[in-house]
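One-letter residues, chain by chain:
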Amino acid sequence: MTRQPDQPDQSAPFPPPDEPDQYDAMGAEYAEHTASNIVNAHYDRPAVLALAGDVTGRRVLDVGCAAGHLSALLIERGAASVTGIDASAQMVRLAGEHCGDSGRFHHADLAAPLDFLPDASFDLVTASLVLHYLEDWSGPLAELRRVLRPGGALVMSVHHPGEDWHWFERPDYFRTERVTDTWTVAGRPRTVRFYRRPLGAAFNALRDAGFTVDRLEEPMPRPEAREQDPAWFDLLSTAPRFLYFRALRPGPGL
Ligand SMILES: C[S@@+](CC[C@H](N)C(=O)[O-])C[C@H]1O[C@@H](n2cnc3c(N)ncnc32)[C@H](O)[C@@H]1O
């Protein structure tokens, strides 16, 4: 993935009405690109799984499941059930193809209430690289807390606040604002829009939603990925890229 800075246009609606959903448009090319690339397969997913711990017998909700690569790993590791949700219909279709009958996938927007999911019906929620697409985290985090059983955990990754601020050369670190990036996926430039926010805003949103943050991680890529992509390996080993939270819904024993 090649990143290029772009000046954010705060006045444009999100997503622009004439632009198809950013992940629908990338479709199978995105799925293939992220199946084995260093950033997703050897950095993000291992870090999420490490924070999730033993998932044997757990009921897992995988939010922003994209093409189902993380969902498949959770199934492989013995989760009792994996339910994936994603705002891209195309990604939901690809996740279903990837995981077969082992997972259940729904086309749903995390910015809206998740009424189809009962209270306290999951032991673990994973949200890998999805929350930065939302400006306001209060409703979504309240919903994720609602569907977790007391004592259950939310494990999430987002773009690292320091990295986004540095990359986009924004004058005010403390603002929450939308930014526009260009990734190269399967050799084609792709425009992606998301929100950056300071670390305090991310932590406080979790606290205000009633979570207790018990782990904060800035992981390293898996050592075996060095040969696959030496340039990215060096970058991920020396600069912040993503940030990881484990946040617990207080319950018995907490
Ligand atoms: C970077 S990908 C996530 C990668 C994925 N977790 C994995 O392990 O491969 C971000 C995903 O979040 C989804 N997404 C973005 N905004 C969303 C929203 N409001 N509700 C649900 N999903 C959303 C996108 O459609 C996309 O599939």
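Higher on the page you've got the structure.
The structure reproduced in this document is the subject of the present report. (Residues numbered from 1 in each chain as written. Predicted model: local features only at pLDDT ≥ 70, side-chain atom pairs only at ≥ 80, totals over all residues. Heavy atoms only, no water.)

## Section: the site of the ligand
Now for step 1: Taken together, the neighbourhood of the ligand is formed by 18 residues, with Gly64, Asp86, Asp109, Leu110 and Ser128 sitting nearest.
Now for step 2: Measuring from a nitrogen atom of the ligand, one finds a backbone N or O atom of glycine 64 at 3.0 Å.
Now for step 3: A distance of 2.7 Å is found between a nitrogen atom of the ligand and a side-chain nitrogen or oxygen belonging to serine 128.
Now for step 4: The residue inventory of the shell around the ligand, partitioned by class, reads twelve nonpolar, three polar and three charged. (Near = heavy atom within 4 Å. Polar contact = N/O pair within 3.5 Å; in protein donor to acceptor, adjacent residues only side chain to side chain. Nonpolar A, V, L, I, M, F, W, Y, C, P; charged D, E, K, R; others polar.)

## Things to note about the pairing of strand β1 (residues 59–63)
Now for step 1: Counting buried positions along β1 yields four of five residues, so the element is predominantly enclosed.
Now for step 2: Note: β1 against strand β2 (residues 81–86), five bridges, orientation parallel. Of the residues in β2, the one forming a bridge with valine 60 is valine 82.
Now for step 3: Each parallel crossover has a hand, and for β1 linked through helix α3 (residues 69–76) to β2 it is right-handed.
Now for step 4: Pairing of β1 with strand β4 (residues 122–128), which is carried by four bridges, proceeds in the parallel orientation. Counted as the bridge partner of aspartate 62 is threonine 126 from β4. (Buried < 20%, exposed > 50% of the residue type's maximum accessible area, 1.4 Å probe, protein only. Helix = DSSP H or I, 4+ residues; strand = E, 2+ residues; numbered from the N terminus. Pairing = 2+ DSSP bridges. Right-handed = clockwise from strand over helix to strand, strands pointing away.)

## Some remarks on the packing of aromatic side chains
Now for step 1: Enumeration over the complete set of coordinates arrives at eight aromatic pairs.
Now for step 2: Each ring, one from tyrosine 43 and one from phenylalanine 242, has its centre 5.5 Å from the other, and the planes form 40°; the classification is tilted. Placement of tyrosine 43 in helix α2 (residues 38–52) and of phenylalanine 242 in strand β9 (residues 242–248) is noted, with a sequence separation of 199 residues between them. There is no split in this pair, since tyrosine 43 and phenylalanine 242 are both buried.
Now for step 3: Centre to centre, the rings of phenylalanine 168 and phenylalanine 194 are 5.9 Å apart; their planes meet at 65°, and the pair counts as edge-to-face. One end of the pair, phenylalanine 168, is in the loop between α6 (161–167) and β6 (177–185); the other, phenylalanine 194, is in strand β7 (residues 188–196), and 26 residues separate them in sequence. Take phenylalanine 168 and phenylalanine 194: they sit in the same class, and that class is buried. (Phe/Tyr/Trp six-rings, centres within 6.5 Å; stacked < 30°, edge-to-face > 60°.)

## Notes on the side chain of arginine 246
Now for step 1: Looking at the secondary structure, you find arginine 246 in strand β9.
Now for step 2: Engagement of the side chain of arginine 246 in a polar contact is seen with the backbone oxygen of leucine 51, the distance being 3.0 Å.
Now for step 3: Within the local environment of arginine 246, its side chain forms a polar contact with the side chain of aspartate 214, the two groups lying 2.8 Å apart.
Now for step 4: Leaving out residues up to four positions away in the same chain, arginine 246 has contacts with Leu51, Ala153, Leu154, Val155, Thr212, Val213, Asp214 and Arg215. (Contact = heavy atoms within 4.5 Å.)

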